[in-house]
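Each chain, letter by letter, is given below.
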Amino acid sequence: MAVEVIMPKAGSEMEEGEIVQWFKKEGDEVKEGEVLLEIVTDKVNMEVEAEASGTLLKILAQPGDVVPVVETIAWIGSPGEEISSSTGAKEVAETVVEKKVDHTPVKEIEKIDYSGLRATPAARAYAREKSIDLSKVPGSGAKGRVHLEDVISYKLHDKVKISPLAERIAELEGISIKSIVGTGPNGKIMKEDVMAVISGEKKEVKKPVAEVKEAVVKKAEKAPNENKWGVVETVPMSPMRKVISKRMSESYFSAPTFVVNVEVDMTELLALRKKVLDSIMQETGKKATVTDFISLAVIKSLMKHPYVNASLSKDEKEMYLHHYVNLSIAVGMDSGLVVPVIKGADKMSLKELVVASKEITTKALEGKLKPDEMADSTFTISNLGMYGVHSFVPIINQPNTAILGVSATQEKPVVRNGEIVIKPIMMLTLTADHRVVDGLEGAKFMQTLKNAIENPISLLI
């Protein structure tokens, strides 16, 4: 019986995904756990694995198509099998040429005992079905309880690029996966790679898919055109760039905004950072940055100004005032901008915030973010100070009510007690949604933030 391939819901806020590419074509043999296609959603690229073995009978969505979650995008079944019209999909008109399938028996995967772990029944059932070790899945629920979405995200974003079946076989045979060269998409370790190691066979290593993708992209790019002024290069917009374009347009044209600029004296904050820098480094192995201290000041200030830490319902009839802070830190990469979220930031000490910010930023730069790690934000910070930017106006990261732009610290002459002195001054810029935040509230928030930064010892009390 044919099995559907659906657009996965890999996050609580995911509503649709765009297909980037298929690694299989119609008529190809497919094995359970093998990567079928790559999708992008919320600026995160993910690989989708086959849920069953068989033949890829029909592909219903092509690269570039945007498909709602849980909608059927392909069918896997027996060669020549027709798809039931009752499913709402078209029947397979053409007969797929039957291919020989290797039925060499593989050592049966033993059942895993999940007793004692904090996990929902749905998460346990899915883990058993996919032979996923729940002890390796980080839980997002209370006291680390594992939910179904956690297991799905773990399956899609496993740090070790290896199919679940290949991982279990390697575990049963006592083989280190680090010693296995993957021949699957993007170097992923497949069952055949593990079996080759077991049998001692040498397999020819295929050219990495990343290189193939790069070659395809280069080939797809149009050759530079030339007009009377010079050369015009045409570059295709990447899926991530398309998402950024869509989100920024929606934010800019839907929210009537206002901007508040405040200059802050960084003297005391820089002095405090210098005092605690070595201690934090010794305890955490992480370097506390100026952004970490500003983030802590922002968090403390937001708890006093809930309207700046709010969001608006889609029908604009209700406002949600968050009495907690899930802080987003914008991270710029060559491929685009991502906004990972530090969940529960209001409950963190400076040391914990330093660790959390470094971990989430590193995952962003390495392209290992899960969709849920960019969801549920209540406020965003965008820092361009490291590039020498003196002032800029950021665009709100929806559904946030406001965003803070952090600029470079400059030595400036200022008047103190009737005398001109040189002080390290930073410009902070708040962009706020006027539907939720009034100008007065925005100004009060910036005043609170300015006082917190200029008297940073209060942040540690």
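Residues numbered from 1 in each chain as written. Predicted model: local features only at pLDDT ≥ 70, side-chain atom pairs only at ≥ 80, totals over all residues. Heavy atoms only, no water.

An unreviewed UniProt entry lists the chain under the name Dihydrolipoamide acetyltransferase component of pyruvate dehydrogenase complex, from Gemelliphila palaticanis. The Sequence similarities (unreviewed entry) field of the UniProt record for the chain holds the comment "Belongs to the 2-oxoacid dehydrogenase family." (UniProt positions renumbered as here; feature names shortened; annotations may be inferred.)

J.: So what exactly am I meant to see when it comes to the pattern of salt bridges here?
T.: Pairing is possible between side chains that carry opposite charge, provided their charged atoms lie close to one another. Applying the stated rule across the entire model yields 13 salt bridges. Put simply, Arg-416 and Asp-265 hold a salt bridge, and the shortest N to O gap is 3.3 Å. Here Asp-265 lies in strand 11 (residues 257–265) and Arg-416 lies in strand 19 (residues 402–416), a separation of 151 residues in the sequence. Of the residues examined, Arg-416 reaches a relative accessible area of 34% and is grouped as partly exposed. On the accessibility criterion, Asp-265 (10% relative accessible area) is buried. In this structure, Lys-363 and Glu-373 form a salt bridge, with 2.5 Å as the shortest nitrogen-oxygen distance. Here Lys-363, found in helix 9 (residues 350–365), pairs with Glu-373, found in the loop between helix 9 and strand 18 (379–383); they are ten residues apart in sequence, far enough to count as distant. For Glu-373, a relative accessible area of 18% corresponds to the buried category. Members of the salt-bridge network, linked through shared partners, are Glu-316, Asp-433 and Arg-435. (Salt bridge = Lys/Arg side-chain N within 4 Å of Asp/Glu carboxyl O. Helix = DSSP H or I, 4+ residues; strand = E, 2+ residues; numbered from the N terminus. Buried < 20%, exposed > 50% of the residue type's maximum accessible area, 1.4 Å probe, protein only.)

J.: Please explain the confidence of the model for the chain as it appears in this structure.
T.: Interpreting fine coordinate detail is not advised for predicted regions of low pLDDT. On average, residues of the chain carry a pLDDT of 81, and 81% of them reach 70 or more. The least confident element of the chain is helix 5 (residues 209–220), whose mean pLDDT is 47; the most confident is helix 10 (residues 439–454), at 97. Every residue in residues 85–112 is under pLDDT 50, and counting partners more than four places away or in other chains gives 46 contacts. Here residues 219–223 is modelled with pLDDT under 50, and outside its nearest four sequence neighbours on either side it reaches two contacts, counting other chains as well. (pLDDT = per-residue confidence, 0-100. Contact = heavy atoms within 4.5 Å.)

J.: How do you make sense of the sheet that holds strand 4 (residues 35–41) when you look at a structure like this?
T.: Sheet strands pair via backbone hydrogen bonds, and the direction of the pair is either parallel or antiparallel. In spatial order, the strands read 5-4-2-7; together these four strands make up an open sheet with antiparallel pairing. Both outer strands of the open sheet, strand 5 (44–49) and strand 7 (66–68), are each paired with one neighbouring strand and no more. The average undirected angle you get between the axes of adjacent strands in this sheet is 40°. In this structure, strand 2 (residues 16–22) lies alongside strand 7, joined through three bridges in antiparallel fashion. Residue pairing in the sheet places Gly-17 in a bridge with Val-67 of strand 7. (Pairing = 2+ DSSP bridges. Axes fitted to C-alpha atoms, helices over the stretch in contact; angles between N-to-C directions.)

J.: Would you take a moment to explain the packing of helix 8 (residues 290–302) against helix 9 for this structure?
T.: Two packed helices can be described by the angle between their axes and the distance between those axes. Put simply, helix 8 and helix 9 touch, their axes get as near as 10 Å, and they point 115° apart. Comparing their axes, helix 9 and helix 8 come out roughly perpendicular. By crossing handedness, the relation of helix 8 to helix 9 is classed as right-handed. Mapping the contact onto sequence places Asp-292, Phe-293, Ser-295, Leu-296 and Ile-299 in helix 8 and Leu-350, Leu-353, Val-354, Ser-357 and Lys-358 in helix 9. Residues belonging to the contact of helix 8 with helix 9 are distributed by class as follows: six nonpolar, two polar and two charged. (Parallel < 35°, antiparallel > 145°, perpendicular 65-115°, else oblique. Left-handed = near helix turned anticlockwise from the far one by under 90°. Nonpolar A, V, L, I, M, F, W, Y, C, P; charged D, E, K, R; others polar.)

J.: I would appreciate a short explanation of the packing of aromatic side chains in the present structure.
T.: Here the distance between the centres and the angle between the planes together describe a pair of aromatic rings. All told, the structure shown has two aromatic pairs when counted by the stated rule. Ring plane angle 85° and centroid distance 5.3 Å describe the contact between Tyr-252 and Phe-253, whose orientation is recorded as edge-to-face. In this structure Tyr-252 comes out as exposed when scored by relative accessible area, which is 56%. (Phe/Tyr/Trp six-rings, centres within 6.5 Å; stacked < 30°, edge-to-face > 60°.)

J.: I tried to follow the side chain of Ser-313 on my own but got confused; where do I start?
T.: With respect to the helices, strands and loops of the structure, Ser-313 is situated in the loop between strand 12 (310–312) and strand 13 (319–321). The class for Ser-313 is buried, based on a relative accessible area of 7%. From its side chain, Ser-313 meets the backbone nitrogen of Lys-317 in a polar contact 3.2 Å long. Setting aside its immediate chain neighbours within four residues, Ser-313 contacts Glu-318 and Tyr-320. (Polar contact = N/O pair within 3.5 Å; in protein donor to acceptor, adjacent residues only side chain to side chain.)

J.: Please explain unusual backbone geometry as it appears in this structure.
T.: With the exception of glycine, the majority of residues adopt a negative phi angle, and the majority of peptide bonds are in the trans configuration. The amide bond that connects Gln-398 to the next residue, Pro-399, takes the cis arrangement and shows omega of 10°. As for its placement among the helices and strands, Pro-399 is situated in the loop between strand 18 and strand 19. Even without a glycine there, the phi angle at Asp-376 is positive, about 70°. For Asp-376, the location among the structural elements is in the loop between helix 9 and strand 18. Residue Asn-417 is not a glycine yet carries a positive backbone phi of 55°. Within the secondary structure layout, Asn-417 lies in the loop between strand 19 and strand 20 (419–433). On the basis of relative accessible area, Asn-417 is assigned to the exposed category, the value being 82%.

J.: Would you mind showing me how to read the pairing of strand 20 here?
T.: A regular strand places its side chains on the two faces of the sheet in alternate fashion. Relative to strand 20, strand 11 is paired through nine bridges, and the arrangement is antiparallel. In the sheet register, Thr-257 faces strand 20, and the bridge partner there is Asp-433. Across 13 bridges, the pairing between strand 19 and strand 20 is antiparallel. Each bridged residue has a counterpart across the sheet, and for Ile-403 the counterpart in strand 20 is Thr-431.

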